[in-house]
Amino acid sequence: MPLLGVNIDHVATVRQARRTNEPDPVHAAVLAEMGGADSITVHLREDRRHIQDRDVRLLREMVRVRLNLEMAVSDDILLVAIAIRPDMATLVPEKREEITTEGGLDVRSMRGRVQECVARLHEVGIRVSLFIDPDVTQVELAAQAGAEAVELHTGTYADARTPAEMDEQLDLLTEAGQFAIAQGLQLNMGHGLTYRNVRRVAEINGLHELNIGHSIVSQAMLVGFERAVREMKQLITV
C-alpha cells in the first residue's frame, strides 16, 4: 500500500491572495499529520508565488513526518535547501508563466546541472527525487544522475478524457514505474490526482508514495483538513 504525501502549497496560495497571515500552511501541515499524512510536500518556487522561505523554515521545525521540498534546479533555491535540510528534495521543472508544473523535468537536456545539484544536496545528507514524465529513458537518466527516487508525473493520466486514454496512460506509468524499481529507485507518483481517479494509480505494484495537493486542499475547504487527508488515505490503502 502506498504512503500519502500531502502537498500544502495551495493553502499558501489562499493566504498570498490577500498577503496576510492566514490560512497558515504550517497549521495545515499539523492537521495533515493528524489525518494520517506520511509526508508533507511544499514547492518553494523562485517567484515565491505561494510558499515562502518562512514557511519552509517553520515546517522543518514543526513537521514530525518527512518533509519533501520541491525545487527548481536553481542556485537560489539550492542554498535554501542546503540551509534547511529537508528529508528529501524533489527537482522539478519551473516556468514563471505556468499556473502549475507542466510535465516532468527533462533530465536529458539538463544532465550536467541536474548531476551537480544532486551532488550538492547529497553532500549535506539530503535524499533526492526527480519529477519526470513516465518515460524509461528519463528514468534511466535519473538513476545515472544519482537520484534515490523518481516521482512520475501523473498529470496526463489525470487529464485523460476517455477510459481508453486513461488505460494508455496507466500502462505508461506502470511500465516506467516497474523499470524505476528495477533500477533500484524509490517509486513515487503525483500531479492532478483526485479522489475520483487515484485508486487505479494507487494499485500499481511497488508504488512507494503518492503526492497529492490541490484535490485535498479543495476538499479541506468543505470538510476540514484532517478529514480530507483521512479520506484520501483510506482511498489509497483499501
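Quick look at the structure, then.

A look at a nonpolar patch on the surface
Then comes step 1: Taken together, V30, M34 and M62 make up a surface patch of nonpolar side chains, about 260 Å² in accessible area.
Then comes step 2: Residue position: V30 is located in helix α2 (residues 25–34).

Some thoughts on a negative patch on the surface
Then comes step 1: A surface patch of negative charge is lined by D106, D133, D135, E165, E168, D171 and E175.
Then comes step 2: With respect to the helices, strands and loops of the structure, D171 is situated in helix α8 (residues 163–182).
Then comes step 3: For D171, a relative accessible area of 52% corresponds to the exposed category.

Comments concerning the pattern of salt bridges
Then comes step 1: All told, the structure shown has 13 salt bridges when counted by the stated rule.
Then comes step 2: Between D24 and R54 there is a salt bridge whose closest N-O contact spans 3.0 Å. Taken as a pair, D24 in the loop between α1 (9–18) and α2 and R54 in helix α3 (residues 53–62) lie far apart in primary sequence, 30 residues in all.
Then comes step 3: Note that D47 is salt-bridged to R45, the shortest N-O span being 4.0 Å.
Then comes step 4: Connected through shared salt-bridge partners, R15, D24, R54 and D55 make up one network.

Section: the pairing of strand β4 (residues 88–91)
Then comes step 1: Where burial is concerned, the two faces of β4 agree: the one with M88 and T90 and the one with A89 and L91 are both buried.
Then comes step 2: Sheet analysis places strand β3 (residues 66–71) next to β4, joined by four bridges and oriented parallel. Bridge pairing links L69 to A89 in β4.
Then comes step 3: Handedness of the β3-helix α4 (residues 75–84)-β4 crossover: right-handed.
Then comes step 4: As defined by bridge partners, β4 adjoins strand β5 (residues 127–132) across four bridges and the pair is classed as parallel. By the bridge assignment, M88 is partnered in β5 with R127.

Cut-offs used in this document
- Residues numbered from 1 in each chain as written.
- Predicted model: local features only at pLDDT ≥ 70, side-chain atom pairs only at ≥ 80, totals over all residues.
- Heavy atoms only, no water.
- Patch = residues over 30% accessible without salt bridge, like charges linked within 9 Å, V, L, I, M, F, W, Y side chains within 5 Å.
- Areas by Shrake-Rupley, 256 points an atom, 1.4 Å probe, with all protein chains shown as cover.
- Salt bridge = Lys/Arg side-chain N within 4 Å of Asp/Glu carboxyl O.
- Helix = DSSP H or I, 4+ residues; strand = E, 2+ residues; numbered from the N terminus.
- Lys, Arg positive; Asp, Glu negative; His and termini not counted.
- Charge placed at Lys NZ, Arg CZ, Asp CG, Glu CD.
- Buried < 20%, exposed > 50% of the residue type's maximum accessible area, 1.4 Å probe, protein only.
- Pairing = 2+ DSSP bridges.
- Right-handed = clockwise from strand over helix to strand, strands pointing away.

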